[in-house]
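Observations on chain architecture
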Amino acid sequence: MKNFLDQDFLLQTKTAQRLYHEYAAALPIIDYHCHLPPDQIASDLNFKNLTHAWLYGDHYKWRAMRANGVNEAFITGNKTDQEKFEKWAETVPYTLRNPLYHWTHLELQRYFDIHDLLTSATAQKIYADCSAKLITPEYSVRNLLKGKNVEVVCTTDDPLDNLAYHQQIKQSDYSIKVLPAFRPDKAMNADDLTALNTYIDQLQQVANADIATLDDYLNALKTRHDYFAANGCTLSDHGLEQIYAEDYIDSEIAAIFLKIRGKQALLPLEILKFKSAMLFQFAVWDHEKGWVQQYHLGALRNNNTRGLTNSGPDTGWDSIGDFTQAAALSKFLNKLDLNNQLTKTIIYNLNPSDNEVFAAMTGNFNDGSIAGKVQFGSAWWFLDQKDGMTKQLNSLSNIGLVSRMVGMLTDSRSFLSFPRHEYFRRLVCNLFGDDIENGELPNDIAWTGKIIQDICYYNAKNYFNFDQQ
């Protein structure tokens, strides 16, 4: 029987163990998509305690606590930080076979050298020991990143952001690149006219421009796109239910925009056309600058009205959607490719039943101009766990070239989440190790080790060109 979370965790064969320890373990981390707050990096924040570092904003843990019968007061409510942590500690033993059990103990080991299991019995000591470390200079957020060999971090930022914190980080002597990513989803959200008009009003102020027409709007957004580029941005990102690819003509979108500014209700088809036009325009700008564009598709958000009203968005009320993806995705990518305006693209899938759909779709638009130009992105959100990662890797292996994959990302708001890269690397090594020991791949450790290093680090390094920033 193997020990829990030992040095060969998830590595089921001697070959897998060799591949991981000799080729993957020591590689730097390029985290090209996350939700870390750049202000905390700029100020080199020290967390007050383990609850602040671990539970604030972590809707993965919140969902588990709710499922375990924990009252909301101990989750997003007004209980003390220690009381909240103790409720999380009570929940952890009930997360067996949930990826949170692995994440929790992997993070305790990697950051705090704590090998005890988190339970009610160990909660107070673990809380005290970790909290005492977190307030020391060695555990500031910058040092947390350095300690995990992070090379690049890309945050997720609205076009209205002035990027002052990114500028502050760049002007410091910090060795890790912290770069913005352009996420303009609010600028195309015609489902909520009040919110969209408020957004447009804010854009007027930020861009110092009057916005009365569609051209005014696009010009103002383009200045923000340019501003992000001037501040080191080389990526965009969208979080959408599905790609929007409705047919439209420019005069229709101009008229729809006037209706938006006049606060006139839009027809469902008009909403789809506006979203489609905006999404296409953003993609054209990305191509002009040679950016990488990312599309996170398939989340069904804000399912629980009562929970959303009480706690707000991004607090654990989202799930996997079953949207029809293939036709619109094909139409959108093909429209860009027809005019040679398709930039490097990563598409992430949230519904595992669509893995083969996404893996096959990306292959339609690789044109030989760059290895892995259009990528089936790593398993994310509900799927960034052992089973989900394995299925994504197998789907990509069967239909495309997993050897050209740009690897893992945290997609996280937590500075303690970087062992997810280790988790991914162990699973990759285990897959290749199994195949070698089963005689399904040749016993060429040097070449297989190179492929694994490419997947875990070098493909991303070459794909994103962060060295130029």
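As a reminder, the structure under discussion sits directly above these lines.
First, a word on what this report is: a plain description of the structure on this page. Since the structure is predicted, the reported quantities are computational estimates derived from the model, not experimental observations.

Side note on the side chain of H33
You can see H33 is positioned in the loop between β1 (29–31) and α2 (38–42). Only 2.8 Å separates the side chain of H33 from the side chain of D411, close enough to count as a polar contact. Look past the residues within four positions of H33 in its chain and what remains in contact with it is C154, T156, R183, D237, Q294, H296, L409, T410 and D411.

What about the sheet that holds strand β5 (residues 292–297)?
Sheet architecture is open: 4 strands sit in the order β4-β5-β8-β9, paired in parallel fashion. On the outer flanks of this sheet lie β4 (235–240) and β9 (374–376), each paired with one strand and no other. When the angles between neighbouring strand axes are averaged without regard to direction, this sheet yields 15 degrees. Both β4 and β5 contribute to a ladder of 6 bridges, which runs parallel. Residue H238 lies in a different strand from β5, and its bridge partner there is Y295.

Here's the deal with the nonpolar core
F85 and Y217 are the most contacted members of the largest nonpolar core, which totals 155 residues. The element contributing the most residues to this core is helix α13 (residues 268–289), with 10 residues. In this view, F85 contacts L50, T51, W54, L55, L118, A123, I126 and Y127; residues no more than four positions away in its chain are not counted.

What to know about the sheet that holds β1
In space, the 3 strands of this open sheet follow the order β1-β2-β3, with parallel pairing throughout. Edge positions in the open sheet fall to β1 and β3 (177–179), since each of these has one partner strand only. Ignoring strand direction, the axes of neighbouring strands in this sheet form an average angle of 5 degrees. Judged from the 3 bridges that link them, strand β2 (residues 150–154) and β3 form a sheet pairing that is parallel. When the sheet's bridge partners are listed, V152 is paired in β3 with K177.

A look at the pattern of salt bridges
A full pass over the atoms with the stated rule returns 22 salt bridges. A salt bridge links K273 to E252, with the nearest nitrogen and oxygen atoms 2.7 Å apart. Pair noted here: K273 is in helix α13 and E252 is in helix α12 (residues 250–261), with a separation of 21 residues, a long-range link. For the salt bridge of D387 with K391, the shortest nitrogen-to-oxygen distance reads 3.2 Å. Of the two residues, D387 and K391 are both situated in helix α17 (residues 386–399); the distance of 4 residues between them amounts to about one turn of the helix. By relative accessible area, D387 is classed as partly exposed at 44%. Classification of K391 as partly exposed rests on a relative accessible area of 41%.

Rules used in this analysis
Residues numbered from 1 in each chain as written. Predicted model: local features only at pLDDT ≥ 70, side-chain atom pairs only at ≥ 80, totals over all residues. Heavy atoms only, no water. Helix = DSSP H or I, 4+ residues; strand = E, 2+ residues; numbered from the N terminus. Polar contact = N/O pair within 3.5 Å; in protein donor to acceptor, adjacent residues only side chain to side chain. Contact = heavy atoms within 4.5 Å. Pairing = 2+ DSSP bridges. Axes fitted to C-alpha atoms, helices over the stretch in contact; angles between N-to-C directions. Core = buried A, V, L, I, M, F, W, Y, C linked by side-chain atoms within 4.5 Å. Buried < 20%, exposed > 50% of the residue type's maximum accessible area, 1.4 Å probe, protein only. Salt bridge = Lys/Arg side-chain N within 4 Å of Asp/Glu carboxyl O.

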